[in-house]
Amino acid sequence: MPEPRVASFPAIRGALKFYQIASIITGVMLLLLVTEMVLKYTPIHLELFLGGSGGPLWFADVVETASGLESTGDGFNVSQGILIAHGWFYVVYLFACFRMWSMMRWPFVRFILLALGGVIPLLSFFMEVRVAHDVKTYLAQREAADPAATPAPTTTEGVR
């Protein structure tokens, strides 16, 4: 598999930063989503609401009806908001994974592992650490082996 071009190293660093941020946000949203699902689909049967008749932030019972589980709360359903937000952040996370994968020219299996970070709780945190280490090590090794790969220092001396 071909290696990344030296000219793309600044873009790779930017993609890595974007991936790290997306990974952490997606991981946190996934943990919130898992918590919400445990509250709703276990015998606890609760959903979190913002505003409405229960106060500023409160839990409402979820009852089983003929058409499935239905919430008894009114106001903004925070549980549903978490679900929607995680879905959209996962799309952003997949874009960040694709960008990182394509710039580093990794095998397709690595992309699948990166993508799983958004659906397996805690995996995105572990993958973020591993990817950051791998990319930074790779770039440092390539720059040490090829002096032309090191970006030229920029000076602002004498510029007004």
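Read on for a plain summary of the structure.

Definitions and limits used
Residue indices begin from 1 for each chain and proceed along its sequence in written order. pLDDT decides what is reported in this predicted model: residues at 70 or higher carry local features, side-chain atom pairs at 80 or more are listed and counted, and totals for whole chains, interfaces and linings draw on all residues regardless. As a rule here, side-chain values come from all non-hydrogen atoms in the structure, and water together with hydrogens is ignored. Helix and strand definitions here come from DSSP, where helices need a minimum of 4 consecutive H or I residues and strands a minimum of 2 consecutive E residues; each element is numbered from the N-terminal end. In this description the radius of gyration comes from C-alpha coordinates, and the expected globular size is given by 2.2 Å times residues to the power 0.38. Whether a residue is buried, partly exposed or exposed follows from its accessible area with a 1.4 Å probe, protein chains only, as a fraction of its type maximum: under 20%, in between, or over 50%, in that order. Contacts are assigned to residue pairs that have any heavy atoms within 4.5 Å of one another. A pairing counts as a salt bridge when a side-chain nitrogen of Lys or Arg comes within 4 Å of a carboxyl oxygen of Asp or Glu. Classification of ring pairs uses Phe, Tyr and Trp, with its six-membered ring standing for Trp, and accepts pairs whose centres are within 6.5 Å; under 30 degrees between planes counts as stacked, over 60 as edge-to-face, and the remaining range as tilted. Strand pairing is defined by DSSP finding a minimum of two bridges between the two strands. Convention adopted: a line fitted to C-alpha atoms gives each axis, helices being fitted over their contacting stretch, and angles between N-to-C directions are expressed from 0 to 180 degrees. Roughly parallel here means an angle under 35 degrees, roughly antiparallel means over 145, roughly perpendicular means 65 to 115, and every remaining angle is called oblique. Ten residue types, Ala, Val, Leu, Ile, Met, Phe, Trp, Tyr, Cys and Pro, are classed as nonpolar, four, Asp, Glu, Lys and Arg, as charged, and the remainder, Gly among them, as polar. The definition of a nonpolar core used throughout is a set of buried Ala, Val, Leu, Ile, Met, Phe, Trp, Tyr and Cys residues joined through side-chain atoms within 4.5 Å.

With that settled, consider the overall build of the chain. When helices and strands are tallied, the chain shows 4 helices and 4 strands. Sequence-ordered secondary structure for the chain, helices as α and strands as β, is α-β-β-β-β-α-α-α. For a compact globule of 160 residues, the expected C-alpha radius of gyration is about 15 Å, and the chain comes in at 22 Å, more than 25% above that figure. Taking the principal axes of its C-alpha atoms as reference, the chain extends roughly 70 × 45 × 20 Å. By residue count, 34% of the 160 residues in the chain fall in the buried class. Considering only residue pairs separated by 6 or more positions, the chain has 62% of its internal contacts joining residues 24 or more positions apart.

For the coordinates displayed, the defined rule picks out 5 salt bridges. With its nearest N and O atoms 3.2 Å apart, the salt bridge here joins arginine 142 to glutamate 3. Taken together, the residues span a long stretch of sequence, with arginine 142 in helix α4 (residues 123-145) and glutamate 3 in the segment before α1 (9-41) at a distance of 139 residues. Linking aspartate 134 and arginine 130 is a salt bridge whose minimum nitrogen-to-oxygen distance equals 3.2 Å. Here the residue aspartate 134 and the residue arginine 130 both occupy positions in helix α4, the gap between them amounting to 4 residues, near one helical turn. Overall, arginine 130 belongs to the exposed group, its relative accessible area being 51%. In the salt-bridge network here, residues are joined through shared partners; they are Arg110, Arg130 and Asp134.

Summed over all chains, the structure comprises 9 aromatic pairs. Between the aromatic rings of tryptophan 101 and phenylalanine 111, the centroid separation amounts to 5.4 Å while the plane-to-plane angle is 50 degrees, which identifies the pairing as tilted. Highlighted residues: tryptophan 101 in helix α2 (residues 78-104) and phenylalanine 111 in helix α3 (residues 108-116), separated in sequence by 10 residues. Taken individually, tryptophan 101 and phenylalanine 111 each receive the classification buried, so the pair is uniform in this respect. Through a chain of ring-to-ring contacts, three or more aromatic side chains come together here, namely Phe98, Trp101, Phe108 and Phe111.

Our next topic: the sheet that holds strand β3 (residues 68-71). Adjacent strands of a sheet pair through backbone hydrogen bonds, lying either parallel or antiparallel. Read from one edge to the other, the open sheet built from 4 strands follows the order β3-β2-β1-β4, with strand pairing classed as antiparallel. Of all the strands in the sheet, just β3 and β4 (76-77) have a single pairing partner and so form its edges. Relative to strand β2 (residues 57-65), strand β1 (residues 46-50) runs antiparallel, the two being bridged by 5 bridges. Opposite leucine 50, over in β2, you have leucine 57 as the bridge partner. Sheet contacts for α1: β1, β2 and β3; angle to β1, the most-contacted strand, approximately 120 degrees.

Moving on: the packing of α3 against α4. At a minimum axis separation of 8 Å, α3 and α4 run at an interaxial angle of 135 degrees. With respect to α4, the axis of α3 lies oblique. Where α3 abuts α4, its residues Arg110, Leu113, Leu114 and Leu116 lie against Leu123, Met127, Val131 and Asp134. Split by residue class, the contact of α3 with α4 holds 6 nonpolar, no polar and 2 charged.

Nonpolar side chains in soluble globular proteins generally cluster together in the buried interior. The biggest cluster of nonpolar side chains holds 23 residues, and the ones touching the most others in it are Tyr19, Met100, Trp106, Leu114, Val131 and Val135. If you list the elements that add at least two residues to this core, you get α1, α2, α3 and α4. Counting residues per element, this core draws most heavily on α2, at 7 residues. Each residue touching valine 131, except ones within four places of it in the same chain, is listed here: Leu16, Tyr19, Met100, Trp106, Arg110 and Leu114. With 6 residues, the next largest nonpolar core counts Leu33, Leu48, Val78 and Ile82 among its residues.

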